[in-house]
Amino acid sequence: MLARLRALRALDGSRYSDSRDASPFLILIAVVLALLLAILEIDLNRAALQSLGLMGDAFSVDPMFKSP
């Protein structure tokens, strides 16, 4: 995997430029990691969020409204 990333960097052309923009792949990885962190934090603090009323229970909806 690292060899492929180095090959892509060599094809970039602007190898030593200080004014390069962030790589779209790097931005994608950062967004995915941030979403995973948010999911893990919500899962870790589920009881505290439910006690504050910020998360509803899965069965809080009246069963009459769930039927077709």
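Check the entry above for the structure.
The numbers attached to residues start from 1 for each chain and follow its sequence in the written order. Local features are withheld for residues below a pLDDT of 70 in this predicted model, meaning they are given only at 70 or higher, and side-chain atom pairs are given and counted only at 80 or more; totals for whole chains, interfaces and linings count all residues. To get the side-chain values, take all heavy atoms of the structure and skip hydrogens and water.

Considerations on the overall build of the protein chain
Comment: elements are numbered from the N terminus, with helices defined as DSSP H or I runs of at least four residues and strands as E runs of at least two. Secondary structure assignment for the protein chain yields four helices and zero strands. For the protein chain, the succession of helices and strands along the chain, N to C, is α-α-α-α. Burial status follows relative accessibility: with a 1.4 Å probe on protein chains alone, a residue under 20% of its type maximum counts as buried, one over 50% as exposed, and anything between as partly exposed. Here the protein chain holds 68 residues, and 0% of them are scored as buried.

Observations regarding a nonpolar patch on the surface
Residues Met1, Leu2, Leu5, Phe25, Leu28, Ile29, Val32, Leu33, Leu36 and Ile39 make up a contiguous nonpolar surface patch of roughly 1000 Å² in combined accessible area. Going through the elements one at a time, helix H1 (2-12) and helix H2 (24-44) are the ones with two or more residues in the nonpolar patch. Relative to the helices and strands, Leu28 resides in helix H2. Patch criteria: residues need more than 30% relative accessible area and no salt bridge. Like-charged residues are merged within 9 Å; nonpolar side chains of Val, Leu, Ile, Met, Phe, Trp and Tyr are merged within 5 Å. All accessibility values rest on the Shrake-Rupley procedure with a 1.4 Å probe; residue burial counts only the protein chains present in the view. Every case where a carboxyl oxygen of Asp or Glu lies within 4 Å of a side-chain nitrogen of Lys or Arg is listed as a salt bridge.

Description of the pattern of salt bridges
Scanning the entire structure with this criterion turns up one salt bridge. As a salt-bridge pair, Arg46 and Asp43 come within 3.5 Å of each other at their nearest N and O atoms. Residue classification places Arg46 among the partly exposed positions, given a relative accessible area of 36%. We classify Asp43 as partly exposed; its relative accessible area is 47%.

Some words on the environment of Leu49
Of note, Leu49 is situated in helix H3 (residues 46-52). Residue classification places Leu49 among the partly exposed positions, given a relative accessible area of 21%.

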